[in-house]
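# What the coordinates show
These are the residues of each chain, in order.
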Amino acid sequence: MNFNIASFEEYKLAYQKSVEQPEEFWAEIAENFTWRKKWDKVLDWDFKGPNIEWFKGAKLNITENCLDRHLADRGDQPAIIWEPNDPSEHHRILTYKQLHQKVCLFANVLKNNGVKKGDRVCIYMPMIPELAIAVLACARIGAIHSVVFGGFSAQSIADRIKDAQCEMVITADGGFRGTKDIPLKNVIDDALVQCPSVKTVIVLTRTRTPISMIKGRDKWWQDEINKVETLGLIDCEPEEMDAEDELFVLYTSGSTGKPKGVVHTTAGYMVYAAYTFQNVFQYQPKDVYFCTADIGWITGHSYIIYGPLAQGATTLMFEGVPTYPDAGRFWDIVDKFKVNVLYTAPTAIRSLMQSGLDYVKDKDLSSLKVLGSVGEPINEEAWHWYNDHIGKGKCPIVDTWWQTENGGILISPIANVTPTKPCYATLPLPGVQPVLVDENGKVIEGNGVSGNLCIKFPWPGMLRTTYGDHERCRQTYFSTYENMYFTGDGCLRDEDGYYRITGRVDDVINVSGHRIGTAEVENAINMFTDVVESAVVGYPHEIKGQGIYAYVILNKESEDEELTRKDIAMTVSRIIGAIARPDKIQFVKGLPKTRSGKIMRRILRKIAEGDMGSVGDTSTLLDPTVVDEIITGKL
Ligand code: 6R9
C-alpha cells in the first residue's frame with residue numbers, strides 16, 4: 001500500500017484495506033518512519049475502558065522523524081518560514097539544519113534546568129519560531145508539552161498548569177497581534193501566584209515590554225542558551241520513547257465543567273498527523289504550505305508543526321492577524337512566499353470576504369494549488385468566495401473535519417482525488433469508520449440520512465485519555481453510545497454517501513472556530529457579584545459563525561445596564577479569556593425551567609436566534625410566563 005494516494009481508485013482501495021485489514025494497513029504506512037525499534041503489535045483496543053494502544057512495543061522519537069531524518073537530503077531546505085506581525089520587520093527562514101540545531105540547544109536548556117522525561121511543561125508564547133522550537137525541544141527529551149493559547153486569562157492558565165502539575169513555563173515578555181501587544185509574562189506572573197508546582201520560567205524577549213523577573217525562578221531564554229553553549233552542550237540525543245508514551249496535553253472545552261486535558265501519545269499521533277497531512281493536501285517537495293491557525297490549538301500542533309515537519313515540508317508560520325495592516329495580509333503573504341497550499345478557517349474567510357475584493361484584486365495568487373478549511377462548518381457563501389476569488393476556480397477546497405481529540409483530520413476530501421461538493425467534508429479518510437446514530441443509540445444505515453456522528457473503530461491519532469482523569473474520558477466520549485467514540489457533532493450523509501457536518505449537538509459553542517463550553521461561560525458569569533443565575537447559548541453570527549448569548553438574572557435592578565454588561569464581560573475575560581466574552585447579554589427575571597429544574601436551552605436558543613415562532617410547547621415549564629417576559633425583553 002502506497003503512502004501517497006494519487007487517484008480516487010487508490011483511495012477506494014486504501015479505504016477498503018484499512019477497514020478489512022486495519023493492522024496490515026497501518027503497519028505498511030508506519031514503515032515510512034524512523035523507528036528505534038519496530039512494534040510488537042499494531043493495535044490493541046477496547047472502547048469500554050477505553051484502552052487504545054497503537055504500535056505497541058515500538059521505540060522512537062518524534063523529533064528524529066521531524067528533523068534528523070531530513071538532514072541528509074534536505075538539510076538546507078526551509079523547514080519554517082516565519083512572517084512577522086509587522087510587514088516591515090524582516091521575515092525569518094530556518095532550514096532543517098538550523099531548526100535541528102536550535103531544537104537540540106533548547107532541549108539542552110530544558111535538561112540543564114532539570115526537566116526530565118515525563119515532566120509537564122506549559123508553553124504560553126506568541127506565534128514565533130521559538131514556540132515551535134520549545135514544543136520540539138520538549139518532544140526531544142520526552143517532556144510532555146501543554147501549549148496554552150495566548151488569548152487565555154491568567155485564571156485559565158493557572159487551571160491548566162495545576163491540572164497537569166507543570167514544573168516549568170516557557171513564555172515571552174509579550175507578543176504582537178495586529179495593533180496589540182499582548183503582555184504574556186504579566187499574565188503568567190498572575191497565574192503563577194496559584195501554581196507552586198512551577199519551579200522555572202524561561203522568558204524569551206519579543207516585544208521587550210518591561211516585565212518582572214523573579215530571582216531563582218525566572219530566566220532569560222538567551223542566557224540559558226549561552227549557558228549550554230558554554231558548557232558545550234550542542235547536540236542532544238533524542239530520548240527513546242515508547243510508542244504509547246505521552247507526547248502532549250492540549251486543553252479543550254466540553255459541555256460540562258472545566259476544560260479537559262486531551263492526551264496524545266507518540267507513535268500513533270505521529271503516523272496519523274503525517275499521513276493525513278501528506279494525503280489531504282497532496283504536498284509536493286518544495287511546496288510552501290501555510291496554515292493560518294495558532295499553535296495554541298490542535299490544528300497548529302498537527303498541521304503547522306508535527307505533520308508538515310514529519311513529511312519534510314516547508315511550513316509557514318504567521319505571527320499576526322488576517323486584517324493587519326489591512327484585510328489583504330494573507331494575500332500579501334501568499335504572493336510574497338509563493339504559497340502553494342493555504343489552510344485557514346471559515347471565520348477568517350468570512351471576515352476577509354466582508355472587507356471586499358479590493359484587497360484581493362492586485363495580489364498574485366497564482367502559486368496556490370490547494371485550499372483548506374477547518375474549525376467549523378463553512379457556509380455556502382464563504383465556500384464560493386474562497387473558491388472563486390482565492391482559488392480562481394482551479395484549486396480544490398479540502399473541507400477538513402476533525403477535533404482536538406482526533407489528533408488529525410478524519411473526514412475530508414483528498415486534494416485532486418476526491419470530487420468535492422460545497423460545504424461537504426465528503427468522505428472518511430482511510431482508517432476512519434464513521435457511523436450516524438439516533439438519540440436511542442440505534443445506528444442509522446443507508447444514505448440520505450442524518451444523526452449524531454460517531455466513530456466505531458480506532459484510528460492511530462485518537463486521544464488516549466484525559467489528563468489525570470481517565471473516567472472523564474470514558475464518560476465524555478465512550479459512554480453515550482456503546483463501543484463507539486461520540487464526537488458531539490451532528491451530521492448528514494447524502495445520497496452519494498458524502499458527509500456534511502452540521503454543528504455541535506451538545507452544549508459546546510463554536511465561536512470563530514474556537515470551542516467554548518456554555519457551562520464554563522455560565523460559571524464565569526455567575527462569579528460576578530450581582531448575578532443570581534445565568535444561561536448561555538450560541539446564536540448565528542455573520543463573521544464568527546456563532547456568537548455567545550447570555551441570559552442573566554441579577555439580584556437587584558441594575559442602575560446602568562450597559563455598564564453592568566461591560567462589567568460582566570470583563571469578569572468573563574478575567575476568568576476565561578477575551579475569546580469567551582458574551583456578544584449579547586440580556587437581563588431577565590427568570591429562566592425557562594422544567595418542573596425538575598432543568599433549564600430549557602432549546603427555548604433560549606430559539607429566542608437568541610430571533611426565531612420566536614418555533615419556541616414550541618412551553619406548557620411543561622415550571623413557569624411558562626418567563627418565556628413571554630424574555631421575548632418581550634429581547635424585542
Ligand atoms: C480541528 C478543530 C472541533 C469542532 C468539531 C466541529 C467543528 C471542525 C469542521 C467542523 C464542520 C469542519 N469543526 N472542523 N465543523 N466542518 N470542517 O477545529 O478542533 O477546536 O477541537 O474543534 O469544530 O464541531 O467538533 P477543535
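In short, a report on the structure.

Calculation rules
Residues numbered from 1 in each chain as written. Predicted model: local features only at pLDDT ≥ 70, side-chain atom pairs only at ≥ 80, totals over all residues. Heavy atoms only, no water. Helix = DSSP H or I, 4+ residues; strand = E, 2+ residues; numbered from the N terminus. Buried < 20%, exposed > 50% of the residue type's maximum accessible area, 1.4 Å probe, protein only. Contact = heavy atoms within 4.5 Å. Areas by Shrake-Rupley, 256 points an atom, 1.4 Å probe, with all protein chains shown as cover. Lys, Arg positive; Asp, Glu negative; His and termini not counted. Charge placed at Lys NZ, Arg CZ, Asp CG, Glu CD. Expected span 1.5 Å × (residues − 1). Near = heavy atom within 4 Å. Polar contact = N/O pair within 3.5 Å; in protein donor to acceptor, adjacent residues only side chain to side chain. Nonpolar A, V, L, I, M, F, W, Y, C, P; charged D, E, K, R; others polar. Core = buried A, V, L, I, M, F, W, Y, C linked by side-chain atoms within 4.5 Å. Axes fitted to C-alpha atoms, helices over the stretch in contact; angles between N-to-C directions. Parallel < 35°, antiparallel > 145°, perpendicular 65-115°, else oblique.

## So, the overall build of the chain
On a plain count of helices and strands, the chain comes out with 20 helices and 31 strands. Once the C-alpha set of the chain is aligned to its principal axes, its extents read approximately 75 × 60 × 55 Å. Counting only residues that meet the buried cut, the chain has 61% of its 635 residues in that class. Intrachain contacts of the chain at a sequence separation of at least 6 include 70% that bridge at least 24 residues. Here the chain has roughly 24100 Å² of accessible surface; of this, 49% comes from carbon and sulfur atoms. Distance from the positive charge centre (69 side chains) to the negative charge centre (84 side chains) of the chain: 2 Å.

## Quick look at helix α18 (residues 561–575)
Helix length check: α18 (15 residues) gives 21 Å between terminal C-alpha atoms against 21 Å at 1.5 Å per residue, within 8%. For α18, the complete set of buried residues consists of Thr564, Ile568, Ala569, Thr571, Val572 and Ser573. Buried-residue contacts for α18 involve α17 (518–526), β29 (531–541), β30 (545–554) and β31 (584–587).

## Here we look at the site of the ligand
Inspection of the region around the ligand gives 17 residues, with Asp399, Thr404, Asp489, Arg504 and Arg515 positioned closest. Interatomic distance of 3.4 Å between a backbone N/O atom of Pro377 and a nitrogen atom of the ligand. Bound to the protein, the ligand loses 96% of the 530 Å² it would expose on its own. Contributing elements (two or more residues each) for the shell around the ligand: α11 (298–310) and β26 (499–504). Here the shell around the ligand is composed, by residue class, of six nonpolar, six polar and five charged.

## With respect to the nonpolar core
With 176 residues, the main nonpolar core has Trp35, Phe55, Phe106, Ile170, Phe281 and Tyr306 as its most contacted residues. Among the elements that take part in this core, helix α10 (residues 266–281) stands out by supplying 11 residues, more than any other. Ignoring anything within four residues of it in the chain, the contact list for Ile170 reads Phe106, Leu110, Val121, Cys122, Ile123, Tyr124, Met125, Ala134, Ile202 and Trp221.

## Thoughts on the packing of helix α2 (residues 22–30) against α10
Between α2 and α10, the shortest axis-to-axis distance is 10 Å and the interhelical angle comes to 80°. By the angle between their axes, α2 is roughly perpendicular relative to α10. Across from Phe25, Trp26, Ile29 and Ala30 in α2, the residues of α10 making contact are Val271, Tyr272 and Tyr275. Its residues assigned to classes, the contact of α2 with α10 comprises seven nonpolar, no polar and no charged.

Purely geometric numbers; function is a separate question.
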